[in-house]
Each structure stands twice: as C-alpha cells, then as structure tokens.
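# Understanding the architecture of this molecule
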Amino acid sequence: MSAPATVLDPTTAPPRPDLAFLRHRARPRPVAEPAPVLDLTPPAPGPVASVVPAAPAVLDLAPPAGAAAPAAPGREPLAPLLGGLRRLGPGERLVLDDDTPVVQLGRVTSGVGGLVLTLETAVPSGLAVLYELGGTQGVLRGPEPGFAPDHRRPVVSLTGNKIQLDLRLVRDLERFLVAVRGTRFDGVLVVRTVGGARLEVPMRTDTRTPAGSAAPSTDLVALSAYRVRGALVLRAEDLVVEGGLREVAGAFGYRELTWRSADTPLGGS
Amino acid sequence: MTGMVRGANIALTKELPDLARLALGVSWDAGADDALVENLVLAAILCDADGRATSPDDFVFFNQAVSTDLSVAEVESALGDDAEQIEVDLAAVPAAVARVVVVLYVNEGSPRRRTLGQLRECRVRLLDASSSTQVVASENLAPAFQHETAVVLGEVYRHRDDWKFKVVGQGYSSGIVGVAEQYGLPL
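Residues numbered from 1 in each chain as written. Chains lettered and ligands numbered in written order. Predicted model: local features only at pLDDT ≥ 70, side-chain atom pairs only at ≥ 80, totals over all residues. Heavy atoms only, no water.

An unreviewed UniProt entry annotates chain B as Tellurium resistance protein TerD of Luteimicrobium subarcticum. Under Sequence similarities (unreviewed entry), UniProt gives the following word-for-word description of chain B: "Belongs to the CAPAB/TerDEXZ family." (UniProt positions renumbered as here; feature names shortened; annotations may be inferred.)

What follows is the structure in structure tokens.
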C-alpha cells in the first residue's frame, strides 16, 4: 500500500483557482453554548442574503451573555428576537417583495390562533407544503386534503388552495415551505393572522417560457418560514425549481425525506 | 366547595404580609372533550392603571413564557391540581404595571371549534408559591359559560400600597381577539 496522502484542512489549505467548478461551503458546527445572535442589519442596496441557518433541532432559549440575574429561581429572560428584520404590525397589510423579502412575526402573533395561507390565483395551480414538525420532515401535496402530523390533531393542514397552521402547536413547528405547481405563475399567496394582519407574496408570471410553447409543470417556491426563538420568520423566495418536489426539498435542505419518484415521497403523506 | 364569587376581592398583602410570590392557577373539567382541553391556553396580560397592556412583550403564555421584567412567568409544572399556572413575583412587578389580568382562552387555530360552554367546571385559585398553599379559590365559573371562547378569570391588582385579587369571570364570545382588543394588546 502506498504512503497515506497528505490530508489538507479546508480552512487553511491554499486556494485552488484552477478548480473553479468546485466550491467549499462550511456549515456552522453545532455548539453546546447558547446560539450566537444573528446580525441581520440590512446591507447596502442589493439582494438580501439568506442568513437564516438550517433549523436547529432544539430551540435554545439560553439568555444572552451579560443578562441580569433572574428574579425568581429558574426564571430567565427570553432570548431576544432576531434583530434587523421587518416586524409585522397588528392588522398590517404588507407585500413581501424585493424591497422587503423577509418579515418576522412576534412571539404573540406566532402563538395565538392560526395562520391561514391562501393561494389566490385564476391560473390552474396546485399547492404543496414541506414542513419539519417535532424533528420529522414531511410533505403535503394536493389536490387531496392532507394533515400533518395526523388527521386527529393537525398542525399543518392542506385543503385545496389553503394551508392552515395551528399555532397552539407552534413549538413543534420548526419550519415550513410553500410551493406552487403550475405551467405559469400568477396571483398572490396571502398569509392571514388572527389579528387581521395580511402578508402578500406576489407570484410573477413566468416570462421565460416562449409564447405558444407547451410549458412543462414546474414548482415555484413562494414562501419559506422558520421558527427562531419562538417567532416565525417568513421569507418570499420566488424561486422556480424544476425536477419535482424532490428537487425543491433538496434545494431547501429537507434532506430526511426519501422519494419514490420526483413528486412522491416514500411512505406517502 | 363554594369559593369566591364573581366580583369578590381579597386584600392579599394586607392579610398575608409575607406573600412574595404567588401562583394563579386554573383547574377545569372538560369531561372527555380532548379537543377542548388541547386548545385551552392560560395567559396573563400586564396592564397599566388604565387597564391597557403595557407592551406586546408582556403577554405571558406558552410561547412567551416570561414577561420582560421577569416578574410574571408561565409555570412549567403546576403546583397541586391546577392544569396551568402563572406565577407573579410581586416585588419585581414594575411600577407601571397596575394589574396582572389572567385569561383562559380556547385557541382557534384548527377547524375543530370548541367553546368554554363545554366545560363542566372551571375555577381560578391563588396560591402562595413559596409554600404551595392555597390562599383562595373561586366558585365554579363554568355554569355561566355558553358560546364564549375566552374568559378573564381574575386580576391581581394594586390598591394604594397593597396588592389585591379579585375574581372576574367575564366571558368573551369574541375570544382572545376580543380580550386583546379590550386590553389594547396587539395580536
């Protein structure tokens, strides 16, 4: 057997400009100490970088360093919500677009009543929702109604053009993703809160298909959502993904799902 | 057991000068109605002297389990037989907070609609959290419930230099949305 090859550490190895087709990405390593506060101060004009990390398996509510001593045994302040994000006001109507792609619902808005997401469009479209509940990933895909984790007490329900989230169980909901299936995309995904606030995620008509050609069905990922320190952070994605829900799942890190085909997960849902 | 009727009040710190931490607990009997029990939520609203919520961050419930000043917190394991409890550290309550309003509501996030009228029994009680002993309990508030989906159970409130507690038992058929509007709490 030949001598073992030198193993290079990616963080200190010299760059390889000749390998332009390869890129190194690092995933933050899991840490035992409290999660760092994400700095999401808005950058100079330009696309907002996606800085929300993969959903942690355990919500860490440890207080930030330097927090005051608790007033009673075991009582600690809640970790502050992510800074620099647009906050949805009560009863507010807000359009999520290039200028404001991300919004944060407070802990009260994220925990009272339910969230209702309605696809309002005249174009034939189907809805799908990927989710992570209690550490388990799954997908609901129309046109049949679907309920997760089960029919008896669903946290996520999909019926026709509507998705409902029961926020009584928001603590089990780590993240979710809404995709629209169609040959072209037009209309709005509307998110309504119990306090009467309304988020609108417009879907632009797909202009990439030459007029008159038979366009294949693709998925437009309209909205991603993550629960961070008890608050739901919603982001307009406006991303067309080809290759079925399997590719959508892969693109957004829902990697625990296994697939029978491009659109059908194993075990059904 | 009869208990304190709606509208009755008790001078807490006058009668119990050593009372520092109290727990407000709710107990209920919903029979076999799991769908109701699963959606019942106990919450506290910290209010100013005008009866308005001091801030949206001072609505204490399962998803925001402690107020910003740490004076009011949702208790993870309730003392005694109560289903849920809210704990109040009287000395830590800021001067701007004149009342801690305790609410029980049915979270309406699923298609299975339930009302408080389906409860057979519902009582609010107050305990000395340091000793886990009951100070006072309300009468059964359930018989008056019909289509309401929220009820203000009671209030711990300042009266001059003292703290008092009163049983309210005011139901809202408009649910937590109606309660929030009443107390100026943004949802």
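### Describing the overall build of chain B
On a plain count of helices and strands, chain B comes out with 3 helices and 11 strands. What you see in chain B, going N to C, is helices and strands ordered as β-α-β-α-β-β-β-β-β-β-β-β-β-α. By the compact-globule yardstick of 16 Å for 187 residues, chain B fits well, its C-alpha radius of gyration being 15 Å. Dimensions of chain B, computed from the C-alpha atoms along their principal axes, are close to 45 × 40 × 30 Å. Taken over 187 residues, chain B has a buried fraction of 57%. (Helix = DSSP H or I, 4+ residues; strand = E, 2+ residues; numbered from the N terminus. Rg over C-alpha atoms; globule rule 2.2 N^0.38 Å. Buried < 20%, exposed > 50% of the residue type's maximum accessible area, 1.4 Å probe, protein only.)

### A word on the pairing of strand 5 (residues 126–133) of chain A
Here is the key point about a regular strand: its side chains alternate between the two faces of the sheet. Residue and element names in this part refer to chain A. Within strand 5, 7 of the 8 residues are buried, which leaves it mostly tucked inside the rest of the structure. Sheet analysis places strand 5 next to strand 10 (residues 173–182), joined by 8 bridges and oriented antiparallel. The partner of Leu130 across the bridge, within strand 10, is Leu177. As paired elements, strand 5 and strand 6 (residues 136–141) share 6 bridges and run antiparallel to each other. Bridging from a neighbouring strand, Ala128 pairs with Arg141 of strand 6. As consecutive antiparallel partners, strand 5 and strand 6 are separated by 2 residues, and within that stretch Gly134 has a phi angle of approximately 55 degrees, a positive value. (Pairing = 2+ DSSP bridges.)

### Description of the sheet that holds strand 6 of chain A
Ordered by their spatial adjacency, 7 strands build an open sheet running 1-3-14-13-10-5-6 (chain A), and the pairing between neighbours is mixed. On the outer flanks of this sheet lie strand 1 (86–87) and strand 6 of chain A, each paired with one strand and no other.

### Here we look at the interface of chain A and chain B
Frequently, the measure chosen for interface size is the accessible area removed from exposure when the parts meet. Chain A puts 29 residues into the contact, and the matching count from chain B is 32 residues. Here chain A and chain B share an interface that buries about 2600 Å² over both sides, 55% of which is from carbon and sulfur atoms. Between Glu38 of chain B and Arg152 of chain A there is a salt bridge, and its shortest N-O distance comes to 2.6 Å. Our count for the chain A to chain B interface comes out at 9 residue pairs in polar contact (both at pLDDT 80 or more). Considering only residue class, the side of chain A that touches chain B consists of 13 nonpolar, 7 polar and 9 charged. (Contact = heavy atoms within 4.5 Å. Buried area = accessible area lost by both parts, 1.4 Å probe. Salt bridge = Lys/Arg side-chain N within 4 Å of Asp/Glu carboxyl O. Polar contact = N/O pair within 3.5 Å; in protein donor to acceptor, adjacent residues only side chain to side chain. Nonpolar A, V, L, I, M, F, W, Y, C, P; charged D, E, K, R; others polar.)

### Overview of the UniProt feature "domain: TerD" (unreviewed entry) in chain B
The feature "domain: TerD" (unreviewed entry), as given by UniProt, occupies residues 4–183 of chain B in the numbering adopted here. Counted over residues 4–183 of chain B, helix gives 10% and strand 41%. Its end C-alpha atoms are 24 Å apart.

### Some words on the pattern of salt bridges
Applying the stated criterion to the full structure yields 20 salt bridges over all chains. The salt bridge partner of Asp186 of chain A is Arg184 of chain A, with a shortest N-O separation of 4.0 Å. Across the pair Asp33 of chain B and Arg114 of chain B runs a salt bridge, and its minimum N-O distance is 2.9 Å. With Asp33 of chain B in the loop between strand 2 (21–29) and helix 2 (34–39) and Arg114 of chain B in the loop between strand 7 (99–106) and strand 8 (121–128), this pair connects stretches of sequence that are 81 residues apart. With relative accessibility at 23%, the residue Arg114 of chain B sits in the partly exposed group. Several salt bridges converge on common partners, so that one network encompasses Arg75 of chain A together with Arg21 and Glu87 of chain B.

### Overview of unusual backbone geometry
Residue and element names in this part refer to chain A. A cis geometry characterises the amide bond from Gly142 onward to Pro143, with omega recorded as 5 degrees. Take Pro143: it is sitting in the loop between strand 6 and strand 7 (146–148). A cis amide bond links Ala148 to the next residue, Pro149, at an omega of 5 degrees. Following the sequence through the fold, Pro149 ends up in the loop between strand 7 and strand 8 (156–159). Phi angles above zero are rare outside glycine, and Arg229 is one such case at about 55 degrees. Here Arg229 lies in the loop between strand 13 (218–228) and strand 14 (231–241). With a relative accessible area of 9%, Arg229 lands in the buried category.

### Section: the side chain of Gln137 of chain A
All names here are of chain A. Relative to the assigned elements, Gln137 resides in strand 6. By relative accessible area, Gln137 is classed as buried at 11%. Among the polar contacts made by the side chain of Gln137, one reaches the main-chain amide nitrogen of Glu256 at a distance of 3.0 Å.

### Focus on the confidence of the model for chain A
Residue and element names in this part refer to chain A. Per-residue confidence for chain A gives a mean pLDDT of 81; residues scoring 70 or more make up 69%. The low-confidence segment residues 43–63, where pLDDT is below 50, has 29 contacts with residues more than four positions distant or belonging to other chains. Across residues 65–71 the pLDDT falls below 50, and counting only partners more than four positions away or on other chains, this stretch makes 9 contacts in the model. (pLDDT = per-residue confidence, 0-100.)

### Considerations on the pairing of strand 7 of chain B
Residue and element names in this part refer to chain B. Burial analysis of strand 7 places 7 of its 8 residues in the buried class, which makes it a mostly covered element. Of the pairings in the sheet, the one linking strand 3 (residues 40–47) to strand 7 comprises 8 bridges and is antiparallel in character. Paired with Cys47 across the two strands is Arg99, which belongs to strand 7. Pairing analysis gives 7 bridges linking strand 7 to strand 10 (residues 150–159), with the strands arranged antiparallel. By the bridge assignment for strand 10, Arg99 is matched with Tyr157.

### Some thoughts on the side chain of Thr149 of chain B
With respect to the element layout, Thr149 of chain B can be found in the loop between strand 9 (133–137) and strand 10. With sequence-adjacent residues up to four places away left out, Thr149 of chain B is seen in contact with Leu104, Tyr105, Val106, Glu108, Arg114, Thr115, Leu116, Tyr172, Ser173, Ser174 and Gly175 of chain B.

### Considering the packing of aromatic side chains
With the rule as written, the count across this model stands at 2 aromatic pairs over all chains. Plain terms: the ring middles of Phe59 of chain B and Phe61 of chain B are 4.9 Å apart, the flat faces sit at 45 degrees to each other, and that makes the pair tilted. For Phe61 of chain B, a relative accessible area of 0% translates into the label buried. Among the aromatic residues, those joined into a cluster by ring pairs are Phe59, Phe61 and Phe62 of chain B. The ring of Phe62 of chain B carries the charged tip of Arg168 of chain A above its face, separated from the ring centre by 4.3 Å. When the ring centre of Tyr254 of chain A is taken as origin, the NZ or CZ atom of Arg175 of chain A, which lies over that ring, is 4.1 Å away. (Phe/Tyr/Trp six-rings, centres within 6.5 Å; stacked < 30°, edge-to-face > 60°. Lys NZ or Arg CZ within 6 Å of the ring centre and 35° of its normal.)

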